[in-house]
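Coordinates in review
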Amino acid sequence: MKPNVLVLRTAGTNCDAETDVAFQLAGANTALVHIQNLISSKVDLSTFHILAIPGGFSYGDDIAAGILLAVEMKHKLRSALEKFVADGKLIIGICNGFQVLVRTGLLPGVEISDNGNADITQRSTLAMNTSAKFECRWVELETQQSPCVFTEGIKSQLYLPVAHAEGRFTAPPDILAELESHKQIVFRYDRSSKISSGNSNYPNNPNGSDADIAGICDRTGRIFGLMPHPERFLTKWNHPRWTREDLPDEGDGLAIFRNAVDYADSLLCPVS
Amino acid sequence: MSSNVNECQILNADDDELMRISREGTLSLNLDEMHAIQAHFAKLQRNPTDVELETIAQTWSEHCVHKTFKSLILYTEDGKDTEKIDGLFPTYIQRATEEINKPWCVSVFVDNAGIIEFDDTYNLVFKVETHNHPSAIEPYGGAGTGIGGVIRDSLGTGLGAKPILNTDVFCFGLPDTPYQELPKGTLHPKRVFKGVVAGVRDYGNRMGIPTANGAILFDTRYTANPLVFCGNVGLIPIDRCDKSVEPGDLVVAVGGRTGRDGIHGATFSSAELDDTSENLGSVVQIGNPIMEKKIVDALLQARDLNLYRSITDCGAGGFSSAVGEMGEDTGAEVHLENVPLKYEGLAPWEIWLSEAQERMVIAVPPENIEKLMQICEAEMVEATVLGNFTNSQRLQVFYEGEIVADLDMQFLHKGLPQHVKKATWSIPQHPEMSSRDEQTEDYTEDLLRLLACPNIASKEHVIRQYDHEVQGGIVVKPLVGIENDGPSDACVLTPIIGNQDAVIVSNGINPKYSDVDPYISAASAIDEALRNIVAVGGSIEKTALLDNFCWGNPDKPDRLGALVRAAKACYDIATAYGTPFISGKDSLYNEYRDTTTGEQRAIPSTLLISAISVLSDVGKVVTMDVKKPGNLIYAVGNTFAELGGSHYFSIHGYIGNNAPIVRTEEGRLTMQRLSSAIDKGLVRSCHDCSEGGIGVAAAEMAFAGGYGLSLNLNTIPTGEKIIYNDFLLFSESNSRFLVEVEPQKQSDFEDHMAEVPIGCLGSVTDNPTFTVIGIDGEQVINTSIGILKSSWQTPLHT
């Protein structure tokens with residue numbers, strides 16, 4: 001049995017088709033599901049092994065990026081989501097999806113309060129880029145040592161495109177320290193290839209994120225969010241320099257989806 | 001008659017009164033048209049209602065029926081005999097396509113966009129629109145709804161195409177225009193520039209459509225009349241390209257609610273702007289891209305389930321045009337009280353004409369309505385039954401039980417009297433500029449100045465604000481090269497991820513040549529668009545064109561004469577190259593009048609040619625950045641001393657007279673052989689020579705690739721003897737390319753190109769210097785690629 005991936009859609013989602021293709025190429029069964037169909041229980045989240053929240057401008061990013069979808073998920077899908085997480089299943093949020101995960105509090109992670117309740121609060125944010133505008137460019141990523149199942153065994157440098165206006169990851173110092181100590185930082189923007197002027201690492205760090213953070217996971221490594229778009233680098237033709245460089249046929253992004261599918265396959269799917 | 005509807009007193013009106021009614025109602029109807037309407041209603045022995053008169057005005061507007069392009073033109077050139085042209089569109093555009101007769105043209109000129117074949121499963125649709133007048137008044141809203149509108153054109157073609165690519169071409173006033181020189185009531189070009197870019201960015205990005213091809217041009221004559229061209233390419237299943245309407249089908253509106261925004265947009269765009277136009281805010285529409293995204297999501301599902309038989313968008317003229325066009329052959333009955341409104345208080349004619357955005361109209365067989373409603377509800381889109389199509393051949397509009405319009409479809413669509421217009425043309429004489437070889441031995445400074453011209457300079461600051469990666473299919477991006485920042489000739493996309501079938505999209509535009517001759521400008525725009533296709537590896541054999549004319553007031557014989565010249569070129573060049581037009585649009589009346597001084601300004605005659613081509617193996621594509629030191633650089637195609645309208649003359653204050661003509665026989669052979677050489681893998685990089693000629697093209701290839709070039713002008717193939725270095729360097733002759741070839745493929749390449757004039761100019765160097773040897777063996781350019789690149793990147797950096 002192949003793992004089942006739910007690619008979540010709502011008004012303004014726009015990277016759903018290529019995210020769907022990425023998981024199919026990685027060997028999964030996929031379904032594009034509108035959030036209304038989860039809320040109305042027409043579709044049962046528990047029949048899936050991986051939840052993908054793709055990029056886009058959910059509800060126009062009104063108020064702030066991802067916030068309305070996050071509120072909807074927290075208030076209308078809370079128990080289904082909590083069960084999904086408790087069952088050890090995987091969640092990935094890409095770009096707008098990462099913004100949603102941060103605003104739900106699923107990233108950097110749920111805190112258990114003194115009375116034993118799971119406290120889903122937002123503890124970090126993705127703010128307006130320091131360049132104050134939407135930017136689309138390719139970035140070099142440094143893979144960090146982390147428990148993230150999506151990046152296990154992945155190469156140390158990845159090249160992926162970003163395209164966003166609100167991608168500057170920022171959090172209070174104690175949260176950043178926590179992320180460091182629990183190795184929750186999965187990707188950082190490249191800090192080596194160019195000599196940056198002053199403190200700025202622009203455009204290598206395209207949005208001014210704290211500690212050059214491009215992607216983080218929760219402490220289990222099963223919930224992962226990132227600003228760059230791995231689903232936009234599936235074949236070598238996506239690479240901006242494929243006409244001048246000798247590249248493998250497969251793009252850097254596919255390994256992330258394959259890792260997720262392999263993990264779900266080995267741990268979550270009953271042996272048939 | 002109820003208080004909701006007014007009767008328009010035209011039956012007994014004299015000519016002055018008729019024109020007063022037209023003017024005060026922003027109807028943009030001329031006296032002949034008012035007479036035709038008067039005569040029609042005299043037969044009916046009644047006055048029209050406001051709803052009827054407004055419906056006719058929208059349907060007959062320049063924007064909707066393109067009456068200038070269909071008018072009878074009496075054309076005189078240089079005082080010679082008068083030529084009678086029965087419609088520019090049928091004579092020069094449509095006829096070209098018919099004569100070329102390409103089997104892969106699926107649908108041309110009839111639907112909201114042209115359709116060509118792509119692969120075994122899908123066809124491609126392509127449409128380019130302008131949104132000039134709105135963008136002049138409210139740049140952000142005007143441009144955003146411009147892109148929103150053209151996306152709906154793709155969605156309204158056949159039974160609906162999935163939008164896969166946006167294009168954008170802008171013409172603005174000079175960014176450094178002093179404020180005191182601004183024409184009264186106009187916005188500063190910088191503000192227009194910023195607003196337009198933000199409008200296109202926010203709409204296109206939110207829709208999740210890559211914006212990956214375009215151009216930005218500057219000329220002081222665009223200050224009061226900026227041009228905003230927005231294009232969209234869509235992908236449509238082969239069996240979803242036809243539409244029809246059956247009597248009994250429901251008229252269903254899908255999408256946004258109707259308000260007072262955008263009323264009179266169609267007729268407004270058929271008038272000149274003046275210094276009071278800024279007060280006309282209500283004619284500019286308000287965009288909501290997420291609404292449009294929801295409509296696309298819902299309707300493409302409904303399309304695949306065959307739930308509707310026809311679809312069109314509510315563009316200019318709103319419901320009046322959409323329902324009027326769909327029901328042209330049948331008849332339609334609409335009940336306006338069913339229309340969901342943004343707020344109360346709209347008169348029936350306002351509901352009927354509103355150009356509120358993000359609305360589509362579909363024809364739904366009654367048995368499918370329930371399923372359609374379910375899909376729309378699931379996607380959170382409002383869908384409303386407004387009425388039904390009939391077999392009455394009439395357009396009947398009701399409001400709260402009362403009939404407010406009852407128009408004969410035949411009169412509405414065929415009753416417009418053909419205009420008769422005069423056109424004249426005489427060739428202007430401009431002061432001629434001579435070579436500067438006697439004054440200077442070094443052209444480094446000239447090259448740097450050319451690279452810094454706003455038309456040539458890097459547009460990276462704008463390009464990066466557009467998401468050109470979404471949908472995962474853009475495989476040649478607008479910026480290419482070792483640092484992803486060189487100017488690509490065209491964009492290439494693979495609509496099906498992982499599939500090798502590719503689409504190439506490019507454009508050509510050169511209004512500077514219009515100052516010499518609009519014929520040359522139009523011919524060169526076609527040649528340039530095709531060169532850009534060929535430069536990435538496409539073939540003109542599988543290329544279709546779109547024409548978008550932006551002109552001054554065609555009621556003035558000299559403006560119309562220029563339009564005749566350009567239309568003639570479209571026919572001549574398209575038929576010679578075998579590249580059919582599949583769609584087009586015109587925006588006329590791009591003039592500004594200062595009501596106090598009476599001063600009148602027109603834009604330069606501007607023809608945008610967009611090209612779309614299909615390529616079966618994306619792996620064969622090349623880009624314009626040089627790849628490897630030691631490789632050879634060839635010039636392909638003859639250079640002539642053609643600097644009229646060139647950027648080189650322009651930076652020295654001249655226009656000149658010898659603008660680059662298109663020699664189609666040579667041009668076609670050059671492009672055919674080069675496409676084939678690229679297909680055979682004989683070419684490592686290729687760049688077309690356009691603004692700034694060989695000098696600018698070579699510099700761009702070098703700094704994009706990160707290597708130097710060492711070139712010699714003596715080996716440039718020429719079609720006439722040229723004895724000046726600057727003319728060789730900066731002539732803008734058409735049908736020319738620079739090509740990089742590996743030394744081991746030199747003889748294969750030369751053999752392959754045997755019938756085409758080529759010359760090896762030099763080679764790529766590891767050393768990042770850029771040197772050019774002149775006619776006498778002396779160095780005429782010596783600089784570094786870093787300096788060239790910085791000169792090119794700095795001007796429009798912020």
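Residues numbered from 1 in each chain as written. Chains lettered and ligands numbered in written order. Predicted model: local features only at pLDDT ≥ 70, side-chain atom pairs only at ≥ 80, totals over all residues. Heavy atoms only, no water.

Quick notes on the overall build of chain A
Rules: A helix here means a DSSP run of H or I that spans at least four residues, while a strand means a run of E at least two residues long, and both kinds are numbered starting from the N terminus. Exposure is judged per residue with a 1.4 Å probe applied to protein chains only, and the accessible area is read against the type maximum: over 50% gives exposed, under 20% gives buried, and values in between give partly exposed. Here the open area of atoms and residues is found with the Shrake-Rupley method and a 1.4 Å probe, where only the protein chains shown may cover a residue. Asp and Glu are treated as the negative residues and Lys and Arg as the positive ones, with His and the ends of the chain left uncounted. Lys charges are placed at NZ, Arg charges at CZ, Asp charges at CG and Glu charges at CD.
What chain A contains, in helices and strands, is seven helices and 13 strands. If one aligns the C-alpha atoms of chain A with their principal axes, the spans along those axes are about 50 × 45 × 35 Å. Counting all 272 residues of chain A, 60% fall into the buried class. Carbon and sulfur atoms make up 50% of the accessible area of chain A, which totals about 10,300 Å². Chain A carries 25 positive and 32 negative side-chain charges, and their two centres are separated by 2 Å.

Focus: the packing of helix α8 (residues 139-155) of chain B against helix α11 (residues 289-304) of chain B
Residues and elements named next belong to chain B. Definition in use: All axes here are fitted lines through C-alpha atoms, helices being fitted over the stretch that makes contact, and every angle between N-to-C directions spans 0 to 180 degrees. Under this scheme an angle from 65 to 115 degrees is roughly perpendicular, one under 35 degrees roughly parallel, and one over 145 degrees roughly antiparallel; angles in between are oblique. Any two residues having at least one pair of non-hydrogen atoms within 4.5 Å are treated as being in contact. In this classification, Asp, Glu, Lys and Arg are treated as charged, Ala, Val, Leu, Ile, Met, Phe, Trp, Tyr, Cys and Pro as nonpolar, and every other residue, Gly included, as polar.
The interhelical angle for the contact between α8 and α11, taken along N-to-C directions, is 5°, at an axis separation of 11 Å. Relative to α11, the element α8 lies roughly parallel. Between α8 and α11, the residues in contact are Gly148, Ile151, Arg152 and Leu155 and Glu292, Ile295, Val296, Leu299 and Leu300, respectively. Here the contact of α8 with α11 is built from residues that sort into six nonpolar, one polar and two charged.

With respect to the sheet that holds strand β17 (residues 420-425) of chain B
Residue and element names in this part refer to chain B. This is how it is decided: A pair of strands is treated as paired once DSSP finds two or more bridges between them.
Spatial strand order, β2-β1-β17: three strands in an open sheet with mixed pairing. With partners counted over all chains shown, the strands left at the sheet margins are β2 (83-86) and β17, one partner each. Going across the sheet, the axis of each strand differs from the next one's by a mean of 25°, ignoring polarity. On the sheet, helix α19 (residues 557-577) packs against β1 (72-77), β2 and β17 and is oriented at approximately 80° with respect to β17.

Some remarks on the pairing of strand β6 (residues 162-172) of chain B
Residue and element names in this part refer to chain B. Formally: Consider the strands pointing away from the viewer: the crossover is right-handed when the path from the first strand over the helix to the second runs clockwise.
Buried residues dominate β6, accounting for ten of its eleven residues. In this sheet, strand β8 (residues 227-237) lies alongside β6 in antiparallel orientation, the contact comprising nine bridges. Its bridge partner being in β8, Val169 is matched across the sheet by Phe229. Bridging between β6 and strand β7 (residues 211-218) involves seven bridges; their strand directions are parallel. Paired with Phe172 across the strands is Phe218, a residue of β7. A crossover connection joins β6 to the parallel β7 through helix α9 (residues 189-207); in handedness this β-α-β unit is right-handed.

Overview of the pattern of salt bridges
Pairing is possible between side chains of opposite charge, provided their charged atoms come close. Under the convention used in this document: When a carboxyl oxygen of Asp or Glu is within 4 Å of a side-chain nitrogen of Lys or Arg, the pair counts as a salt bridge.
Counted by the stated rule, this structure contains 59 salt bridges over all chains. With a closest N to O distance of 2.9 Å, Arg260 of chain B and Glu350 of chain B form a salt bridge. Within this pair, whereas Arg260 of chain B is found in the loop between β9 (250-255) and α10 (265-268), its partner Glu350 of chain B is found in helix α13 (residues 348-353), the two being separated by 90 residues in sequence. Within this structure, Arg9 and Asp16 of chain A together with Lys293, Asp297 and Glu379 of chain B form a network of salt bridges that share partners.

Notes on the side chain of Asp219 of chain B
With respect to the helices and strands, Asp219 of chain B occurs in the loop between β7 and β8. If we skip the residues at most four places from it in the chain, Asp219 of chain B touches Phe172, Gly173, Leu174 and Pro604 of chain B.

Section: the domain arrangement of chain B
Residues and elements named next belong to chain B. Filter applied, for reference: Reported domain spans reflect what an automatic or database domain assignment gives. In short, buried area is how much 1.4 Å probe accessible area vanishes from two parts on joining, totalled over both. In protein, a polar contact requires one atom able to donate a hydrogen and another able to accept it; more generally it is a pair of N or O atoms within 3.5 Å, and residues adjacent in sequence count only if both atoms are side-chain atoms.
When the domains of chain B are assigned, the result is domain 1 (99-242 + 501-617) and domain 2 (417-457 + 622-798). Each of domain 1 and domain 2 was reduced to a C-alpha centroid, and the two centroids are 25 Å apart. In this assembly, 42 residues from domain 1 lie in contact with 42 residues from domain 2. Interface of domain 1 and domain 2: buried area, both sides summed, is about 3,300 Å²; carbon and sulfur atoms make up 60% of it. The largest contributions to the domain 1 side of the interface with domain 2 come from Lys512, Val516 and Arg531, which together make up 20% of the buried area. Where domain 1 touches domain 2, the interface holds three salt bridges. Notably, a salt bridge pairs Asp688 with Arg531, separated by 2.9 Å at the nearest N-O pair. The interface formed by domain 1 and domain 2 contains 16 residue pairs in polar contact (both at pLDDT 80 or more). Here the side of domain 1 that touches domain 2 gets eleven residues from one element, more than from any other, and that element is helix α18 (residues 518-535). The residue inventory of the side of domain 1 that touches domain 2, partitioned by class, reads 24 nonpolar, eight polar and ten charged.

Some points on α8 of chain B
Which entries qualify depends on this criterion: Under the convention used throughout, the expected extent of a helix is 1.5 Å for every residue step, that is, one less than its residue count.
Compared with an ideal rise of 1.5 Å per residue, which puts 17 residues at 24 Å, α8 of chain B spans 24 Å between its outermost C-alpha atoms and is within 8% of the ideal. A large share of α8 of chain B lies buried, amounting to 16 of its 17 residues.

Observations concerning unusual backbone geometry
In this structure, the amide linkage connecting Leu107 of chain A to the following residue, Pro108 of chain A, adopts the cis form with an omega of 0°. Structurally, Pro108 of chain A is set in the loop between α5 (96-104) and β5 (111-112). A cis geometry characterises the amide bond from Tyr202 of chain A onward to Pro203 of chain A, with omega recorded as 0°. Tracing the chain through its elements places Pro203 of chain A in the loop between β11 (185-189) and β12 (213-217). Even without being glycine, Ser41 of chain A reaches a positive phi, approximately 65°. Position of Ser41 of chain A among the secondary structure elements: in the loop between α2 (35-39) and β3 (50-53). For Gln393 of chain B, which is not a glycine, the phi torsion comes out positive at approximately 60°.

A few points about the environment of Glu77 of chain B
All names here are of chain B. Along the chain, the position of Glu77 falls in strand β1. According to the relative accessible area criterion, Glu77 is buried, its value standing at 18%. When the C-alpha positions of Glu77 and Gly561 are compared, they lie 7.9 Å apart, and in sequence the two are 484 residues distant. Once residues within four sequence positions are removed from consideration, Glu77 is found in contact with Trp425 and Arg565. Engagement of the side chain of Glu77 in a polar contact is seen with the side chain of Arg565, the distance being 3.4 Å.

A few points about the interface of chain A and chain B
With 35 residues of chain A at the interface, the matching set in chain B holds 44 residues. Interface of chain A and chain B: buried area, both sides summed, is about 3,200 Å²; carbon and sulfur atoms make up 56% of it. Taken as a group, Cys136, Trp237 and Arg244 of chain A account for 22% of the area that chain A buries against chain B, more than any other trio of residues on that side. Run the count over chain A and chain B and you get four salt bridges.

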